[in-house]
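Listed below, chain by chain, are the residues.
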Amino acid sequence: MLLIKCPFCGDRDELEFSCGGEAHIARPLAENTLTDAEFADYLFLRDNPKGVFLERWIHTDGCRRWFNVARDTVSHEIIEVYPMGETPKTEAAKAAHKASWRRQTAAEAAAKPASPAGRSGS
Amino acid sequence: MASLQNVHGASALHGIAAASSPPPQGSRGAVVMRDTGLLDKINLRCDAGNTVINEALSRVVGTRLPAEPNRFHVSGNRRIAWLGPDEWIILAENGSADTITAGLDLPEAGHVAVNNVSDALGSIILEGEHTRDALAKHCALDFHPTVFTPGIVQQSLLSHAGVTIMCLDDNAFQIIGRSSFMPYIVALLKDAMIEYGYEFQPA
Ligand SMILES: [Zn+2]
């Protein structure tokens, strides 16, 4: 059983939480430009690493708020808890975020808003 | 439209009879569990620092929003309990919800949601030296008297039922649960309290 530190309520038993699966899956804004295979990366494909994994959790039977957790799927160690909309701060979790195959996908590239100057901007 | 003026509601535990079990030898006294009966409850969502709401609450309820997590504020028989970083529940006597809501200056308050959840939730109070022992049987929260102290509110599970638990006094706890779960919670706790002795008092 995990003891999870809800960023709002504090340490609570795993029973009170639900896991929402892989974190940091951004919806492609320009989905029309993607092939079906590229869109499937966003819609269907989920990572299942052995080691550090970045997940979304919700404190279902507590404050009912979502947050992100960096968890080692081998040792069950919780490396970091961080807010929705942010990326992790610890080295191990930062490395896991950077190394994810998802960072290279066309779906994720299409999720970044175009710069106000237009497509020619850097 | 029909008038509801003379229609009286019933507690979520209506129909559950008074019951007791004597304290066996070695018990430090029976736990008294009572149905608090009809109690108004308002769910409030806004920023903790909303000055219009905080000032209105000090005026109408007598206390401001507890910004600190897991805390409740008391003013007479009214209470405001923290439920989340932007969510609270106001507990007040039966029939007061409309007056409280009307006093909140909502048109001036900006981004706020107020919902009367009086009938969605039931409430019981447990008192007695073995209260913490009985609750700890069905809940993973730390009930140690140096941890779960008066003024702390926590949401958790009591066996399978989601509950909000408030520590009112060293040996007194109030439990708020969904109305349809209240008979289950009472049955569960009666069983948990047999080894200490108990008394259940309907509203
Ligand atoms: Zn929480």
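Predicted model, so just to flag it, every value in this text is computed and none were measured.

## Side note on the layout of surface pockets
Turning to step 1, where the next piece is worked out: Approximately 340 Å³ is the volume found for the second largest pocket.
Turning to step 2, where the next piece is worked out: Along the wall of the second largest pocket there are 19 residues; nearest its centre are Arg64(A), Leu121(B), Gln155(B), Thr164(B) and Arg178(B).
Turning to step 3, where the next piece is worked out: Elements with a minimum of two residues in the lining of the second largest pocket: strand 6 (87-93), strand 9 (153-158), strand 10 (161-169) and strand 11 (172-178) of chain B.
Turning to step 4, where the next piece is worked out: Looking at the lining of the second largest pocket residue by residue, the class counts come to seven nonpolar, eight polar and four charged.

## Examining the coordination of the zinc ion
Residues and elements named next belong to chain A.
Turning to step 1, where the next piece is worked out: Taken together, Cys6 (SG), Cys9 (SG), His59 (ND1) and Cys63 (SG) make up the full set of protein donors to the zinc ion, lying 2.0 to 2.4 Å away.
Turning to step 2, where the next piece is worked out: Coordination geometry of the zinc ion: the four donor atoms subtend angles of 103 to 120 degrees at the metal centre, consistent with an arrangement described as tetrahedral.
Turning to step 3, where the next piece is worked out: Read N to C, the donor residues that coordinate the zinc ion are spaced as C-x2-C-x49-H-x3-C. Here Cys6 and Cys9 have matching classes, each one buried.

## Digging into the sheet that holds strand 9 of chain B
Residue and element names in this part refer to chain B.
Turning to step 1, where the next piece is worked out: Strands sit in the order 1-12-2-8-11-10-9 across an open sheet of seven strands; the sheet is mixed. Each having just a single partner strand, strand 1 (19-21) and strand 9 make up the two edges of the open sheet. Ignoring which end each strand starts from, the neighbouring axes of this sheet average 20 degrees apart.
Turning to step 2, where the next piece is worked out: Together, strand 1, strand 2 (31-35), strand 8 (121-127), strand 9, strand 10, strand 11 and strand 12 (198-201) form the strand contacts of helix 4 (residues 182-193), whose direction differs from that of strand 8 by roughly 15 degrees.

## A few points about the nonpolar core
Turning to step 1, where the next piece is worked out: With 28 residues, the main nonpolar core has Ile124(B), Leu126(B), Leu158(B), Ile165(B), Ile175(B) and Leu189(B) as its most contacted residues.
Turning to step 2, where the next piece is worked out: If you list the elements that add at least two residues to this core, you get strand 2, strand 8, helix 3 (131-136), strand 10, strand 11, helix 4 and strand 12 of chain B.
Turning to step 3, where the next piece is worked out: Beyond its immediate chain neighbours, meaning those up to four positions away, Ile175(B) contacts Gly122(B), Ser123(B), Ile124(B), Leu126(B), Leu135(B), Leu158(B), Val163(B), Thr164(B), Ile165(B), Met182(B) and Leu189(B).
Turning to step 4, where the next piece is worked out: One finds Phe17(A), Ile42(B), Leu44(B) and Ala97(B) within the second-largest nonpolar core, a separate group that totals 26 residues.

## Details of unusual backbone geometry
All names here are of chain B.
Turning to step 1, where the next piece is worked out: With phi around 60 degrees, Asn70 is a residue other than glycine that occupies positive phi space.
Turning to step 2, where the next piece is worked out: By the secondary structure assignment, Asn70 is in the loop between helix 1 (51-60) and strand 4 (72-75).
Turning to step 3, where the next piece is worked out: The phi dihedral of Asp105 falls on the positive side, at around 55 degrees, and the residue is not glycine.
Turning to step 4, where the next piece is worked out: Mapped onto the elements of the fold, Asp105 is located in the loop between helix 2 (97-102) and strand 7 (113-116).
Turning to step 5, where the next piece is worked out: On the accessibility criterion, Asp105 (31% relative accessible area) is partly exposed.

## Some details on a nonpolar patch on the surface
All names here are of chain A.
Turning to step 1, where the next piece is worked out: Together, Leu43, Phe44, Leu45 and Trp101 give the surface a local cluster of nonpolar side chains, amounting to about 390 Å² of exposed area.
Turning to step 2, where the next piece is worked out: Within the secondary structure layout, Leu45 lies in the loop between helix 1 (36-43) and strand 4 (52-58).
Turning to step 3, where the next piece is worked out: For Leu45, a relative accessible area of 40% gives the class partly exposed.

## Here's the deal with the environment of Glu22(A)
Residues and elements named next belong to chain A.
Turning to step 1, where the next piece is worked out: Relative to the elements of secondary structure, Glu22 occurs in strand 3 (residues 18-22).
Turning to step 2, where the next piece is worked out: Counting along the chain gives 23 residues from Glu22 to Leu45, while the straight-line C-alpha distance between them is 10.0 Å.
Turning to step 3, where the next piece is worked out: Those residues in contact with Glu22 that lie beyond four places of it in its chain are Leu45, Arg46, Asp47, Phe53, Leu54, Arg56, Ser100 and Arg102.
Turning to step 4, where the next piece is worked out: At a separation of 2.8 Å, a polar atom in the side chain of Glu22 contacts the side chain of Arg102.

## So, the interface of chain A and chain B
Turning to step 1, where the next piece is worked out: Contacts between chain A and chain B engage eleven residues on the former and 15 residues on the latter.
Turning to step 2, where the next piece is worked out: When chain A packs against chain B, close to 1000 Å² is buried across both sides, 45% of that on carbon and sulfur atoms.
Turning to step 3, where the next piece is worked out: Between chain A and chain B we count three salt bridges in total.
Turning to step 4, where the next piece is worked out: Note that Arg65(A) and Glu87(B) form a salt bridge whose closest N and O atoms lie 2.9 Å from each other.

Conventions and cut-offs
Residues numbered from 1 in each chain as written. Chains lettered and ligands numbered in written order. Predicted model: local features only at pLDDT ≥ 70, side-chain atom pairs only at ≥ 80, totals over all residues. Heavy atoms only, no water. 1 Å grid on protein atoms, 1.4 Å probe; cavity = no way out; pocket = protein on both sides within 12 Å on 5 of 7 lines; lining within 4 Å. Points joined across faces, edges and corners; volume = space filled by probe spheres on them. Helix = DSSP H or I, 4+ residues; strand = E, 2+ residues; numbered from the N terminus. Nonpolar A, V, L, I, M, F, W, Y, C, P; charged D, E, K, R; others polar. Donors = N, O, S within 2.8 Å, 3.2 Å for Na, K, Ca; no water. Tetrahedral: all angles 85-135°; square planar, octahedral: opposite > 155°, others 65-115°. Buried < 20%, exposed > 50% of the residue type's maximum accessible area, 1.4 Å probe, protein only. Pairing = 2+ DSSP bridges. Axes fitted to C-alpha atoms, helices over the stretch in contact; angles between N-to-C directions. Contact = heavy atoms within 4.5 Å. Core = buried A, V, L, I, M, F, W, Y, C linked by side-chain atoms within 4.5 Å. Patch = residues over 30% accessible without salt bridge, like charges linked within 9 Å, V, L, I, M, F, W, Y side chains within 5 Å. Areas by Shrake-Rupley, 256 points an atom, 1.4 Å probe, with all protein chains shown as cover. Salt bridge = Lys/Arg side-chain N within 4 Å of Asp/Glu carboxyl O. Polar contact = N/O pair within 3.5 Å; in protein donor to acceptor, adjacent residues only side chain to side chain. Buried area = accessible area lost by both parts, 1.4 Å probe.

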